[in-house]
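# Structural description and commentary
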Amino acid sequence: MTTTHEPIVRSSAALDNAPAAIFAVLGLIDVALTGVIGSKEAPPLAVSLGVAALGLLALAGLAPARRGSRAALTAIVATRAISAVLAVPAFFLDAPAWVMAVEGFVIAATATGLILLRRQRA
């Protein structure tokens, strides 16, 4: 019995490992931040739940985006950009240092992931 091994050809829209890992970590952070609901450092409930929903959408889109789904990739990029924008007010609303550190990481990692994604497309 002979078998042929054809190389796996990935779509040009498929999400590479590095940005996928970054977006996965960011999605998990968004969901994990629901742990502060009810504390004095928590943002308004609607914001916390909205950010968690963005994280879940990003996580749900990772597998299809890795397989080449442009719609899933677009959804991931949109959710990460919105999440990064929602992180900015932490620097102006007298948030605790740990919140500013997390939100700074979210902003920097989002920019890094988007730059890697852009380089992947070039």
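If you're wondering where the values come from, they're calculated on a predicted model, not measured in any experiment.

## Topic: the layout of surface pockets
Taken as a whole, the largest pocket spans an internal volume of roughly 470 Å³. Surrounding the largest pocket, 24 residues form its lining, P43, V47, A90, V99 and E103 being those nearest its centre. Of all the elements in the fold, those that place two or more residues in the lining of the largest pocket are α2 (45-66), α3 (70-87) and α4 (97-121).

## Let's talk about the environment of L86
Mapped onto the secondary structure, L86 falls in helix α3. When its relative accessible area of 42% is taken as the criterion, L86 is described as partly exposed. With 36 residues separating them along the chain, L86 and G50 place their C-alpha atoms 9.8 Å apart. Ignoring anything within four residues of it in the chain, the contact list for L86 reads V51 and L54.

## Focus on the packing of α2 against α3
As a packed pair, α2 and α3 sit with axes 8 Å apart at the nearest point and diverge in direction by 150°. By the criterion of interaxial angle, the relationship of α2 to α3 is roughly antiparallel. The crossing of α2 and α3 is left-handed. Note on element contacts: α3 touches α2 through A72, L73, I76, T79, R80, I82, S83 and L86, opposite V51, L54, G55, L57, A58, G61, L62, P64 and A65. Taken together, the residues of the contact of α2 with α3 sort by class into twelve nonpolar, four polar and one charged.

## Focus on the pattern of salt bridges
Inspection of the entire model under this criterion finds one salt bridge. Two residues, D30 and R80, come together in a salt bridge whose shortest N-O distance is 2.5 Å. Placement of the pair is D30 in helix α1 (residues 17-32) and R80 in helix α3, with a sequence separation of 50 residues. R80 gets classed as buried once you look at its relative accessible area, which sits at 0%.

## Here we look at α2
Helix length check: α2 (22 residues) gives 32 Å between terminal C-alpha atoms against 32 Å at 1.5 Å per residue, within 8%. Buried residues belonging to α2 abut α1 and α3. Note on α2: the residue one or two positions beyond its end, G68, has a positive phi of about 110°.

## A few points about the environment of A95
For A95, the position within the fold is in the loop between α3 and α4. On the accessibility criterion, A95 (18% relative accessible area) is buried. The spacing of A95 and A42 is 53 residues in sequence and 9.2 Å in space, taken between C-alpha atoms. The contacts of A95, once residues within four sequence positions are left out, are A90 and M100.

## Points about the nonpolar core
Core analysis: the largest hydrophobic core is formed by 16 residues, its most contacted members being L15, F23, L26, L62, A65 and I76. For this core, the secondary structure elements donating two or more residues are α1, α2, α3 and α4. Top element by residues in this core is α1. It accounts for six residues. When neighbours within four sequence positions are excluded, L26 is seen to be in contact with R80, F105, V106, A109 and T110.

Definitions and limits used
Residues numbered from 1 in each chain as written. Predicted model: local features only at pLDDT ≥ 70, side-chain atom pairs only at ≥ 80, totals over all residues. Heavy atoms only, no water. 1 Å grid on protein atoms, 1.4 Å probe; cavity = no way out; pocket = protein on both sides within 12 Å on 5 of 7 lines; lining within 4 Å. Points joined across faces, edges and corners; volume = space filled by probe spheres on them. Helix = DSSP H or I, 4+ residues; strand = E, 2+ residues; numbered from the N terminus. Buried < 20%, exposed > 50% of the residue type's maximum accessible area, 1.4 Å probe, protein only. Contact = heavy atoms within 4.5 Å. Axes fitted to C-alpha atoms, helices over the stretch in contact; angles between N-to-C directions. Parallel < 35°, antiparallel > 145°, perpendicular 65-115°, else oblique. Left-handed = near helix turned anticlockwise from the far one by under 90°. Nonpolar A, V, L, I, M, F, W, Y, C, P; charged D, E, K, R; others polar. Salt bridge = Lys/Arg side-chain N within 4 Å of Asp/Glu carboxyl O. Expected span 1.5 Å × (residues − 1). Core = buried A, V, L, I, M, F, W, Y, C linked by side-chain atoms within 4.5 Å.

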